[in-house]
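Remarks on the overall topology
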Amino acid sequence: MAGPLDDPAPLPAVYRNRSPAEPPAPPLEGDATADVAVIGGGFCGLSAALHLAEAGLAVVLLEARGIASGGSGRAFGQVVPYAKHGEPHLLAHFGEAAGLRLIAALAQGPDLVWDLIDRHGIACDAVRNGLLFAAHVPAAEAGLEARAAFWQARGAPVEMLDAARTAEHIGSLRYSRALLDRRGGHINPLAYAIGLAQAAAKAGARLHGDSRATSLVRDGEGWRLQAARGSLRTRHLVICGGAYSDDLWPGLRRSILPIRAHQLVTAPLSDNLRAGILPQGQSVTDTRRLYSGFRMLPGGRMHLSVDGSGFGPSVTYREKAAERLRTLFPEIGDPVWEESWTGWVDMSADQYPHLHRLHDTAWAAIGLSGRGIAFGTLLGREIARRIAQPEHPALFMPVTPLKPMALRPVAEPLVAALMAWYRLRDRAELGGKA
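What you see as residue numbers is a count from 1 along each chain, following the sequence as written. For this predicted model, a pLDDT threshold of at least 70 governs which residues receive local features, and a threshold of 80 or more governs which side-chain atom pairs are given and counted, while totals over whole chains, interfaces and linings are taken from all residues. Excluded from the side-chain calculation are hydrogens and water; included are all heavy atoms of the structure.

Section: the overall build of the protein
Each helix and strand counted, the protein has 12 helices and 18 strands in total. By the compact-globule yardstick of 22 Å for 434 residues, the protein fits well, its C-alpha radius of gyration being 21 Å. The principal-axis extent of the C-alpha atoms belonging to the protein is close to 65 × 45 × 45 Å. The buried share of the protein, reckoned over its 434 residues, is 58%. Only runs of H or I of at least four residues qualify as helices and only runs of E of at least two qualify as strands under DSSP, and these elements are numbered from the N terminus. The reference for a compact globule is 2.2 Å times residues^0.38; the radius of gyration itself is calculated from the C-alpha atoms. Exposure classes here rest on a 1.4 Å probe applied to the protein chains alone. A residue is buried below 20% of its type maximum, exposed above 50%, and partly exposed in between.

Written out as structure tokens, the structure is:
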């Protein structure tokens, strides 16, 4: 699915060059029928299509352009067992019973991703040897220690690293402490999405690219979707358009705020340099408020999620990113940037994904808020279960009413101002450094 944020820029070459060819996905033509129509070819929609097809339902997926052509094919690639907020916030937000159920399900998100990778033979440069979360200032260590204690009490493979072990894992003296969570990892997100599409097609789902749904009406006990060259009658409807959602379902687009995420990749580093940087292969995120991830890609390229303009024209703060990389790894010197790109993140007001039951036979998942790979895959399976197995004992996601943002007309300048404030606070805490 696509909407007003269609991104004409190609998907990142660093991902495309290591991804398989997409499965056939011709435009929808003529009049078709399905048990379930899935709108959106990203992580969530593809997971829903795969799990629905495996349950024996006739599934048709409609995507406005190509598979993972929106945010999913431009994601940073971390497979994270958490929501955006910490566990205490999640418990307070959802209540203890629902919160604990959600926390437990999210902890299994990487397991689901790796199970799908293994079961369907998805070649996506999958590395599962943990995620590092580093304290950008000493004051941030307490939050990491609380998270480590929470999970250690539940037997999870999570530990706090002291300064020496942090430096050993990262290859930098920049951080004093870090949390290592061995449940997570990182992947080529485009290759993973294409692998999900291949698996869904093999299970019987019909995939149609260049098939934006332009209208939706009730048709007896089901729905009729219209695309440019064809129509689709379906009993059930699933909408997973993310930040690229349009007004196909009234109010859905206005329930989230699309925000640009920016990434940069260096030219390949020399063998000598790459040997000492992230030697155990983990991906790192630090605790600052704005984007701060980095990892090593196959071929020795450093990959960074970085600060930039949240709205409007794409402006990536390259010199600040270069300064940050020099601070982390001074041996690199002035980095040579090989590629940069942006994608849109569907940020909800509370920064949690939302599962909406729009009608007895219509569902939507939206607001992944930067947790698309594991959480999106989980939500796709969740929707499939709610349609095919509504009494499934492992349903975990609270169903909430669709609610457009009250301040949506003025949200962009407000959030832009908040991001500027976060930028200033991060830099002040870091003594003016990137």
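Focus on the sheet that holds strand 13 (residues 283–286)
Each strand in a sheet pairs with its neighbour through backbone hydrogen bonds, running either in the same direction (parallel) or in the opposite one (antiparallel). Strands pair, by our definition, only if DSSP identifies at least two bridges between them. Judged by pairing direction, the sheet is mixed, and its 8 strands sit side by side in the order 5-6-4-13-14-15-12-16 without closing on themselves. The two strands at the open ends of the sheet, each matched to only one other strand, are strand 5 (158–161) and strand 16 (337–348). The average angle at which neighbouring strand axes cross in this sheet is 20°, direction not considered. It only takes one pair of heavy atoms within 4.5 Å for two residues to be counted as in contact. In this analysis, axes come from line fits to C-alpha atoms, helices being fitted only over the stretch in contact, and the angle between any two N-to-C directions falls in the range 0 to 180 degrees. Where helix 6 (residues 141–152) meets the sheet, its contacts fall on strand 4 (131–134), strand 5 and strand 6 (178–181), and the angle it forms with strand 5 comes to roughly 150°. Across the face of the sheet, helix 10 (residues 318–328) comes into contact with strand 12 (256–266), strand 13, strand 14 (293–297), strand 15 (301–306) and strand 16 while running at roughly 125° to strand 15.

A closer look at the pairing of strand 10 (residues 222–226)
Both strand 9 (residues 215–219) and strand 10 contribute to a ladder of 5 bridges, which runs antiparallel. Note on strand 10: the bridge partner recorded for Arg 218 is Trp 223. Looking at chain direction, strand 10 and strand 11 (residues 230–239) are connected through 4 bridges and run antiparallel. Looking at strand 11, one finds that Leu 225 is bridged to Leu 232.

A word on the layout of surface pockets
Reported here for the second largest pocket is a volume of approximately 200 Å³. Together, 14 residues line the second largest pocket, and Ser 255, Ala 349, His 354, Lys 403 and Pro 404 are the ones closest to its centre. Ten residues, namely Ala, Val, Leu, Ile, Met, Phe, Trp, Tyr, Cys and Pro, are considered nonpolar, four, namely Asp, Glu, Lys and Arg, are considered charged, and the remaining ones, Gly among them, are considered polar. For the lining of the second largest pocket, the residue count by class is 7 nonpolar, 5 polar and 2 charged. Here a cavity denotes a set of grid points, spaced 1 Å apart and computed over the protein atoms alone, in which a 1.4 Å probe fits but from which it cannot get out, and a pocket denotes an open set meeting protein on both sides within 12 Å along at least five of seven lines; residues with an atom within 4 Å of a point are reported as lining. Grid points are joined across faces, edges and corners, and a volume is the space filled by probe spheres set on the points.

A word on the packing of helix 2 (residues 43–54) against helix 5 (residues 109–120)
One way to put it is that helix 2 packs onto helix 5 with a least axis distance of 13 Å and a crossing angle of 60°. Comparing the axis directions of helix 2 and helix 5 gives the class oblique. Here the hand of the crossing between helix 2 and helix 5 comes out left-handed. The residues of helix 5 that touch helix 2, namely those facing Leu 50, His 51 and Glu 54, are Leu 112, Leu 116, Arg 119 and His 120. Considered class by class, the residues forming the contact of helix 2 with helix 5 number 3 nonpolar, 2 polar and 2 charged. Under this scheme an angle from 65 to 115 degrees is roughly perpendicular, one under 35 degrees roughly parallel, and one over 145 degrees roughly antiparallel; angles in between are oblique. Here is the rule for handedness: rotate from the far helix to the near one, and if that takes an anticlockwise turn smaller than a right angle the crossing is left-handed, while a clockwise turn gives right-handed.

Quick word on unusual backbone geometry
Here Leu 278, not a glycine, exhibits a phi torsion of approximately 50°, which is positive. Structurally, Leu 278 can be placed in the loop between helix 9 (271–275) and strand 13. With a phi close to 60°, Gln 351 is a non-glycine residue in the positive phi region. Mapped onto the fold, Gln 351 is located in the loop between strand 16 and strand 17 (354–359).

Some remarks on the nonpolar core
Soluble globular proteins: nonpolar side chains tend toward being buried together. Residues belong to one nonpolar core when they are buried, are Ala, Val, Leu, Ile, Met, Phe, Trp, Tyr or Cys, and are joined through side-chain atoms within 4.5 Å. With 81 residues, the main nonpolar core has Tyr 192 and Phe 375 as its most contacted residues. For this core, the element with the most residues is helix 8 (residues 189–202), which contributes 9 residues. What Phe 375 contacts, discounting residues up to four positions off in sequence, is Ala 83, Leu 102, Leu 106, Pro 353, Leu 368, Phe 396 and Met 397.

Remarks on the packing of helix 3 (residues 87–94) against helix 4 (residues 96–107)
At a minimum axis distance of 7 Å, the contact between helix 3 and helix 4 shows a crossing angle of 135°. Put simply, helix 3 runs oblique to helix 4. As for the relative orientation of helix 3 and helix 4, their crossing is right-handed in sense. Between helix 3 and helix 4, the contacting residues are Glu 87, Leu 90, Leu 91 and Phe 94 on the first element and Glu 96, Ala 98, Gly 99, Leu 100, Leu 102, Ile 103 and Leu 106 on the second.

Brief notes about the environment of Ile 256
Note on placement: Ile 256 falls in strand 12. Looking at Ile 256, the relative accessible area reads 1%, which means it is buried. Sequence separation between Ile 256 and Ser 305 is 49 residues, and the spatial gap between their C-alpha atoms is 21 Å. If we ignore the near neighbours within four places in the chain, the residues touching Ile 256 are Gly 242, Ala 243, Asp 346, Met 347, Ser 348, Ile 366, Gly 367, Met 405 and Arg 408.

A look at helix 7 (residues 163–170)
Of the residues making up helix 7, those classed as buried are Thr 166, Ala 167, His 169 and Ile 170. The buried residues of helix 7 all sit within an arc of 165° when viewed along its axis, so they share a single face. On the buried face of helix 7, the contacting elements are strand 4, strand 5, strand 6, strand 13 and strand 14. Two or three places before Ala 164, at the start of helix 7, stands the capping residue Asp 162, its side-chain oxygen 3.2 Å from that residue's backbone nitrogen. Read the arc as the range of directions from the helix axis to the C-beta atoms. A 3.5 Å cut-off defines polar contacts: any pair of N or O atoms within that distance qualifies, except that in protein one atom must be a possible hydrogen donor and the other a possible acceptor, and neighbouring residues in sequence count only when both atoms are side-chain atoms.

As for the environment of Arg 408
The residue Arg 408 is located in the loop between helix 11 (372–388) and helix 12 (411–429) in this model. Spatially, the C-alpha atoms of Arg 408 and Ile 256 are 8.2 Å apart, while their sequence positions differ by 152 residues. Residues contacting Arg 408, with those up to four places away along its chain left out, are Arg 253, Arg 254, Ile 256, Leu 257 and Pro 258.

That is the geometry; function is a separate question.
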